[in-house]
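Breakdown of the fold
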2 protein chains.
Amino acid sequence: MRPTVHDVAHAAGVSLATVDRVINGREGVRASTVQRVEAVIRQLGFVRNQAAANLAKGRVYRIVFIIPEGANTFMRRLESEAREAGRQMAPDGIELCVVTAPAFDGQALADILNGLDPNEIGGVALVATEAPPVRQALARLHSANVPVVTLVSDAPSFQRHRYVGIDNVAAGRTAASLLGRFLRGVSGKIALVAGSMLVRDHVERRMGFDQVIRTEYPNLEALPVVEGRDDRPSTRRIVEECLDRDPDIVGLYNIGAGNLGLIEALSERPTERRPMVVAHELSVHTRAALESGLFHAIINQDAGHEVRSAIRTLRSLTDQRTLIEGQEHIRIEVYLRDNLP
Amino acid sequence: MRPTVHDVAHAAGVSLATVDRVINGREGVRASTVQRVEAVIRQLGFVRNQAAANLAKGRVYRIVFIIPEGANTFMRRLESEAREAGRQMAPDGIELCVVTAPAFDGQALADILNGLDPNEIGGVALVATEAPPVRQALARLHSANVPVVTLVSDAPSFQRHRYVGIDNVAAGRTAASLLGRFLRGVSGKIALVAGSMLVRDHVERRMGFDQVIRTEYPNLEALPVVEGRDDRPSTRRIVEECLDRDPDIVGLYNIGAGNLGLIEALSERPTERRPMVVAHELSVHTRAALESGLFHAIINQDAGHEVRSAIRTLRSLTDQRTLIEGQEHIRIEVYLRDNLP
DNA sequence: CTGAAAGCGCTTACAG
DNA sequence: CTGAAAGCGCTTACAG
């Protein structure tokens, strides 16, 4: 059997309460006692039983997820994954509360954050909007010692404990390398479609993309970004305009959402006049586009993984549980038709 | 506060013991009582506190990992990830026991399996060797109700509860699509290097690779597999021979291990005479090869993920915990220089 | 600075 | 078929 606090207390000649104080690094124990207890812990190889600790603390760990509203497939996926994780985590005393906030609305997001009672919650995960009211709301939570992680889209200058998501510059570079390689020996232009160049992730992806195309693929020229506002009809329209205007387009990188509009625009063109396409996020639609040959690669981030990583990260900031770094790294996943999950 | 067994017992007018019997589906409760208790559980929204249950059961959940010995980088990675996970899981009452077995030695593996006492262990994860003694050993564990998962390399016809690893046919297809795309407009041959065609994963990858090259890339011809026994000097030698013999080689797919030998063989050739290379498994060496342009893509499976997935899967077979399927899917990861973790 | 005792929410013999 | 009581390994007021 594994040694328990009783064994440690007995061997060190102290009470349970003192062992508890030492284990949890609480104040009010003479230094010599601390050392004695710690020696015994090492000697016996004591490891705290987390189940018992949680039980005794009788704490339910409440985590709030705040996710943007709207038709964005990825955000809806994130939301359903959060609810699913909430169900799975319930037996472990973790209570997830998932709320949605108007997209791109800093004030609305800040209002939600300001409505949270720091004593009631153990952590917050949010898709950040980089706006001043959000900065202030996060500062308040920070000073109340509420752990916060940003999800998917970071706000590096705001107070948060960690960013859980992909490196978007690297994602853009990856898109460029794929298109560059797939267009070996071909000269022409590449169309770039984004939702809005006001959003950090889109800007960062664009940056990474340009870095690689400019320095490594002189045969290709990236056109200025056209913005489709991440919605279906406008994306469709701007892609059509773009392809009609410029017959030299041999590749297309969709930096943001709006894949449905893109698929519609591409479908109506004759096969031989379709560009090589790299887009983001796996969904039923992009998967079908990949399988039919309309898209050539998808760059994806795993929404379920992000949710679970956020939960583990937040919990580790309250429990003294250590994380396995490798488990928390969010991969830039590359999918071809052949390695679809 | 969440309802507890006490609340359920009170509301249903039964004792704690009866509630416990119903929750855990144990025998010996009148059907009408079961229904009454279940109704209350639903009504109150009772969810069992897993921490308390584990504590009361006082059970440490012992899992045995059996991993092949030898210099194979991936297997060593798997071993260290298992030990790391063991450390992280200890507070949750999971005790990992990691042992190594001579590689490709069915009898040795079977001996280890036969030495396990079914009453002492909660589950087994092993890299399977498809040999008759292993089949028998797994049958014995199966009839003793010990959950077993195969790791990395499956033995589909043996008794195991699940395979935790990638789909190797799909991995081979992915390699083919990458090389096919990267070699657009180029005609020539592709060298295939494996460890041994007696191992299931290598055979399956080869099969997937051929499927795609034959049907979609008439400009490319896959040469017969040469076997490098997954070691450095022989892989180096056969790659050198192969490239010297055939100046038409424009691509190379390393199906197995032995990447160090491959890197040596490639390094000594002039840049313009090097083929496009796709290989398996990320390591310090393959990462460097990718960064320097010697390799063009790496297909990887995440050893840490596999280990943790095996643990969750085994535990779910004992606890009645349900898995999130998406979390247990092992991805066929594609890395270019730009999306390295 | 230290300790005795109660309690967290389950499960487990044991008794009936 | 059902229940009363003890116990799992921690933590928490409270007393000293």
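What you see is a predicted model, and the numbers here were worked out from it, not measured in a lab. (Residues numbered from 1 in each chain as written. Chains lettered and ligands numbered in written order. Predicted model: local features only at pLDDT ≥ 70, side-chain atom pairs only at ≥ 80, totals over all residues. Heavy atoms only, no water.)

What about the overall build of chain A?
The line we're drawing: Note on conventions: DSSP H or I runs of at least 4 residues are helices, E runs of at least 2 residues are strands, and numbering of each starts at the N terminus. Buried means the residue's accessible area, taken with a 1.4 Å probe over protein chains only, is under 20% of the maximum for its type, while exposed means over 50%, and partly exposed covers the values in between. Each accessible area is a Shrake-Rupley result for a 1.4 Å probe, and residues are judged covered by the shown protein chains and nothing else.
Tallying secondary structure elements over chain A gives 14 helices and eleven strands in all. Considered along the principal axes of its C-alpha atoms, chain A spans approximately 85 × 40 × 35 Å. Residues counted as buried form 56% of the 341 residues belonging to chain A. When the accessible surface of chain A is summed, it comes to about 14,700 Å², and 50% of that surface belongs to carbon and sulfur atoms.

With respect to unusual backbone geometry
Residue and element names in this part refer to chain A. Notably, Asp 230 is not glycine yet its phi reads approximately 55 degrees, a positive angle. With respect to the element layout, Asp 230 can be found in the loop between strand E7 (220-227) and helix H10 (232-245). Residues other than glycine seldom take positive phi values, yet Glu 281 does so here, at roughly 75 degrees. One can find Glu 281 in the loop between strand E9 (276-280) and helix H12 (284-292).

A short note on the interface of chain A and chain B
Heads up, the condition is: Only heavy atoms enter the contact rule, under which two residues are in contact if any of them lie within 4.5 Å. Summed over both partners, buried area is the accessible surface (1.4 Å probe) that two parts give up on being assembled. A pairing counts as a salt bridge when a side-chain nitrogen of Lys or Arg comes within 4 Å of a carboxyl oxygen of Asp or Glu. Any pair of nitrogen or oxygen atoms within 3.5 Å is treated as a polar contact; in protein, a donor-acceptor pairing is required on top of that, and neighbouring residues in sequence qualify only through side-chain atoms on both sides.
Taken residue by residue, the interface counts 52 residues in chain A and 54 residues in chain B. Taking both partners together, chain A and chain B bury about 4,500 Å²; carbon and sulfur atoms supply 52% of that area. Looking only at chain A, the three residues that lose the most surface to chain B are A:Arg181, A:Arg184 and A:Arg331, adding up to 15% of its buried area. If you look at where chain A meets chain B, you find eight salt bridges. Between A:Glu216 and B:Arg337 there is a salt bridge whose closest N-O contact spans 2.9 Å. The interface formed by chain A and chain B contains 22 residue pairs in polar contact (both at pLDDT 80 or more). Elements supplying a minimum of two residues to the side of chain A that touches chain B: helix H4 (50-57), helix H5 (73-89), helix H8 (168-182), helix H9 (200-216), helix H13 (303-318) and strand E11 (333-335) of chain A. It is H8(A) that contributes the most residues to the side of chain A that touches chain B, seven residues altogether.

Section: the relation of the copies chain A and chain B
Short version of the rule: Superposing copies: least-squares fit, C-alpha atoms only, residues required to have pLDDT of at least 70 in both.
The transformation that overlays chain A on chain B combines an axial shift of 0.0 Å with a rotation of 180 degrees, and the residual RMSD is 0.1 Å. The superposition of one copy onto the other is thereby described by a two-fold rotation axis. When C-alpha positions in chain A are compared against the rotation axis, the closest is assigned to A:Ala51, at 2.2 Å. By residue overlap, the copies meet face to face through one surface: 100% of the interface positions of chain A are interface positions in chain B.

Some words on helix H1 (residues 5-12) of chain B
All names here are of chain B. Note the cut-off: It is the directions from the helix axis to the C-beta atoms whose arc is reported.
Listing the buried residues of H1 in full gives Val 8, Ala 9 and Ala 12. Take H1 and look down its axis: the buried residues cluster within an arc of 100 degrees, on one side only. More than 90 degrees from the buried face of H1, the exposed residues found are His 6 and His 10. Structurally, H1 contributes buried residues whose contacts are with helix H2 (16-23) and helix H3 (31-44). With a side-chain oxygen positioned 3.1 Å from the backbone nitrogen of His 6, the residue opening H1 is Thr 4. Once H1 finishes, Gly 13 follows within two positions and takes phi at roughly 70 degrees, a positive value.

Some remarks on the UniProt feature "domain: HTH lacI-type" (unreviewed entry) in chain A
In plain terms, the rule: UniProt positions are given in the numbering used here, feature names are shortened, and annotations may be inferred rather than shown by experiment.
Under the local residue numbering, the UniProt record ascribes the feature "domain: HTH lacI-type" (unreviewed entry) to residues 3-57 of chain A. In this annotation, residues 3-57 of chain A is assigned 69% helix and 0% strand; the end-to-end C-alpha distance for the span is 20 Å.

Points about the sheet that holds strand E3 (residues 123-126) of chain B
Residues and elements named next belong to chain B. Using the following cut-off: DSSP bridges decide pairing: two strands pair if at least two such bridges lie between them. Axis definition: a line fit to C-alpha positions, over the contact stretch in the case of helices; interaxial angles, taken between N-to-C directions, run 0 to 180 degrees.
Strand order in the open sheet formed by five strands is E2-E1-E3-E4-E5, and the pairing between neighbours is parallel. Only two strands of the sheet have a single partner each, and these edge strands are strand E2 (94-101) and strand E5 (162-164). Here the strands of the sheet are splayed against their neighbours by 20 degrees on average, with no regard to which way each runs. Sheet topology note: the E3/strand E4 (residues 148-151) ladder contains three bridges and is parallel. Following the sheet pairing, Leu 126 is matched in E4 by Thr 150. Sitting on the sheet, helix H6 (residues 106-114) touches strand E1 (61-68), E2 and E3, and the angle it makes with E2 is about 150 degrees.

Describing the protein's contact with DNA strand D
Quick reminder of the rule: A molecule or strand has a residue near it when one of that residue's heavy atoms lies within 4 Å. Under the scheme applied here, ten amino acids are nonpolar (Ala, Val, Leu, Ile, Met, Phe, Trp, Tyr, Cys and Pro), four are charged (Asp, Glu, Lys and Arg), and all others, including Gly, are polar.
Around DNA strand D sit 28 residues, and of these A:Val5, A:Asp20, B:Ser15, B:Arg21 and B:Thr33 come closest. If you look at DNA strand D and keep only atoms within 4 Å of the protein, 66% of those are sugar or phosphate atoms. A distance of 3.5 Å separates a phosphate oxygen of DNA strand D from a polar side-chain atom of A:Arg26. Between DNA strand D and B:Arg21, the relevant distance is 2.5 Å, taken from a base oxygen to a side-chain nitrogen or oxygen of the residue. Sorting the residues of the surface near DNA strand D by element identifies helix H2 (16-23) and H4 of chain A together with H2 and helix H4 (50-57) of chain B as the ones contributing at least two each. In terms of residue count, the dominant contributor to the surface near DNA strand D is H4(A) (five residues). In terms of residue class, the surface near DNA strand D is made up of 14 nonpolar, eight polar and six charged.

Thoughts on the protein's contact with DNA strand C
Every one of the 28 residues lining DNA strand C counts as a neighbour, but A:Ser15, A:Arg21, A:Thr33, B:Val5 and B:Asp20 are closest to it. In DNA strand C, atoms within 4 Å of the protein come 65% from sugar and phosphate. A distance of 3.0 Å is found between a phosphate oxygen of DNA strand C and a backbone nitrogen or oxygen belonging to A:Arg30. Looking at the surface near DNA strand C, the elements with two or more residues in it are H2 and H4 of chain A together with H2 and H4 of chain B. Ranked by residue count, the leading element in the surface near DNA strand C is H4(B), at five residues.

What to know about the packing of helix H5 (residues 73-89) of chain B against helix H13 (residues 303-318) of chain B
All names here are of chain B. Condition: Angle categories: roughly parallel below 35 degrees, roughly antiparallel above 145, roughly perpendicular from 65 to 115, and oblique for all the rest. By convention, the crossing between two helices is left-handed when the near helix turns anticlockwise from the far helix through less than a right angle, and right-handed when the turn is clockwise.
Between H5 and H13, whose axes approach to 8 Å, the crossing angle comes to 50 degrees. Compared by their axis directions, H5 and H13 come out oblique. Viewed along their axes, H5 and H13 form a crossing whose handedness is right-handed. Between H5 and H13, the residues in contact are Phe 74, Arg 77, Leu 78, Glu 81, Ala 82, Ala 85 and Met 89 and Ala 303, Gly 304, Glu 306, Val 307, Arg 308 and Ile 311, respectively. When the residues that make up the contact of H5 with H13 are grouped by side-chain class, the tally is eight nonpolar, one polar and four charged.

Some words on the packing of helix H6 (residues 106-114) of chain A against helix H7 (residues 132-143) of chain A
Residue and element names in this part refer to chain A. Where H6 contacts H7, the two axes come as close as 8 Å, and the packing angle between them is 15 degrees. Viewed along their axes, H6 and H7 adopt a mutual orientation that is roughly parallel. Here H6 runs over H7; the crossing is left-handed. Here Gly 106, Gln 107, Leu 109, Ala 110, Leu 113 and Asn 114 of H6 lie close against H7, whose contacting residues are Pro 133, Val 134, Ala 137, Leu 138, Arg 140 and Leu 141. Partitioning the contact of H6 with H7 into residue classes produces eight nonpolar, three polar and one charged.

What to know about the pattern of salt bridges
Under the defined criterion, the tally for this structure stands at 56 salt bridges over all chains. In this structure, B:Arg76 and B:Glu79 form a salt bridge, with 2.8 Å as the shortest nitrogen-oxygen distance. Here B:Arg76 pairs with B:Glu79, and both are found in helix H5, just three residues apart, close to one helical turn. Linked by salt bridges that have partners in common, A:Arg232, A:Arg236, A:Glu240, A:Glu264 and A:Glu268 make up one network.

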